[in-house]
Amino acid sequence: MEEQTNVTYDVSVIRPEVNEGQIGFRGQGFPPVRLAGIRKGLLTLHTLELMAATIYRFQIRAGQRDDLNLRLIGAMCNEMTHYQDFQVKLAEYGFKPNCLRWAFWLVGFALGFGSRLLGPRSILKTGVWVESKAVHHYAQLLASIEWDADTRRIIEKDQADEAAHIARWKQML
Ligand SMILES: [Fe+2]
Ligand SMILES: [Fe+2]
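Presented here is a report on the structure given in the accompanying data block.

Calculation notes
By convention here, each chain's residues receive numbers from 1 onward along its written sequence. Written order decides the labels, with chains lettered from A and ligands numbered from 1. Where totals are concerned, whole chains, interfaces and linings use all residues; where local detail is concerned, this predicted model gives features only for residues with pLDDT of at least 70, and gives and counts side-chain atom pairs only at 80 or more. To get the side-chain values, all heavy atoms of the structure are used, and hydrogens and water are removed first. Only DSSP runs of H or I with at least four residues qualify as helices, and only runs of E with at least two residues qualify as strands; both kinds are numbered from the N terminus onward. Radius of gyration here uses only the C-alpha atoms, and the compact-globule reference equals 2.2 Å multiplied by the residue count raised to the power 0.38. Remark: exposure states derive from per-residue accessible area (1.4 Å probe, protein chains only) relative to the maximum for the residue type, with buried under 20%, exposed over 50%, and partly exposed in between. Contact definition: two residues touch when any of their heavy atoms are within 4.5 Å. Only the protein chains shown count as covering a residue, and every accessible area follows the Shrake-Rupley method with a 1.4 Å probe. The donor definition counts N, O and S atoms within 2.8 Å of each metal and applies 3.2 Å to Na, K and Ca; water is not among these atoms, so some sites may look incomplete. Note that His is not counted, nor are the chain ends; the positive residues are Lys and Arg, and the negative ones are Asp and Glu. Salt bridges are counted wherever a side-chain nitrogen of Lys or Arg sits within 4 Å of a carboxyl oxygen of Asp or Glu.

**Re the overall build of the protein chain**
Move 1: Check the secondary structure of the protein chain and you find five helices and zero strands.
Move 2: When the helices and strands of the protein chain are listed from N to C terminus, the series reads α-α-α-α-α.
Move 3: For a compact globule of 173 residues, the expected C-alpha radius of gyration is about 16 Å, and the protein chain comes in at 16 Å, within 12% of that figure.
Move 4: By its C-alpha atoms, the protein chain is 50 × 35 × 30 Å across when sized along the principal axes.
Move 5: Per-residue burial for the protein chain yields a buried fraction of 41% across its 173 residues.
Move 6: If you take every contact in the protein chain between residues at least 6 apart in sequence, the share linking residues at least 24 apart comes to 84%.
Move 7: Roughly 9700 Å² of accessible area belongs to the protein chain as shown, and the carbon and sulfur atoms make up 60% of that amount.

**Let's talk about the coordination of the iron ion (ligand 1)**
Move 1: Around the iron ion (ligand 1), the protein contributes the donor atoms E49 (OE), E49 (OE), E79 (OE), H82 (ND1) and E162 (OE), at 1.9 to 2.6 Å from the metal centre.
Move 2: The sequence motif formed by the donor residues of the iron ion (ligand 1) is E-x29-E-x2-H-x79-E.
Move 3: A separation of 3.9 Å is found between the iron ion (ligand 1) and the iron ion (ligand 2), both of which receive a donor from E79. With a gap of 33 residues between them, E49 in helix α1 (residues 32-59) and H82 in helix α2 (residues 67-93) connect regions that are remote in the sequence.

**As for the coordination of the iron ion (ligand 2)**
Move 1: Within the first shell, the iron ion (ligand 2) binds the protein through E79 (OE), E131 (OE), E131 (OE), E162 (OE) and H165 (ND1), at distances of 1.9 to 2.4 Å.
Move 2: Each donor residue of the iron ion (ligand 2) lies on the same chain, and together they follow the pattern E-x51-E-x30-E-x2-H.

**A look at the side chain of E49**
Move 1: As a buried residue without a salt bridge, E49 has its nearest oppositely charged side chain in K157, at a separation of 11 Å.
Move 2: Setting aside residues no more than four positions away along its own chain, E49 makes contact with E79, H82, Y83, F86, Y138 and E162.

**Some thoughts on the environment of W129**
Move 1: Tracing the sequence through the fold places W129 in helix α4 (residues 120-144).
Move 2: Classification of W129 by relative accessible area gives partly exposed; the value is 49%.
Move 3: As for W129 and H46, which are separated by 83 residues in sequence, their C-alpha atoms are 19 Å apart.

Structure (structure tokens):
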């Protein structure tokens, strides 16, 4: 099992730059059991990030030029980036995304739209709740799966982003 990289991540970067050189085929020569673990983990992360991006998308109150909306737009951009991170990794490994992920879009819509109707406190509380689940999930997947080093770094950065989201929403509550 690979060790945790002891890197600190800059969570003020909500969409890190990706160069052509960073795109590549992955997983050649990996034993099938390792590939199966990576595939399962990537599918989980891809669908969870779709849900997260959709929650923030529907929490944004159109036309409100306040601090909460500004933070939600930033969080949505960040989650869309996470979603793309895992879509790219799935493709690099030669895996297909989960064709049932629209169900996660629906859950994201329900949570995002529902909490927006209930008001700002509910928006923030939903954020804390969902992101806490995400951080926990990230920790489990980091500990239990033998990732390649590049993918592990992306997962760690995204996990740091989720922790920053929790801190932000808690501070605003
Ligand atoms: Fe995320
Ligand atoms: Fe997040």
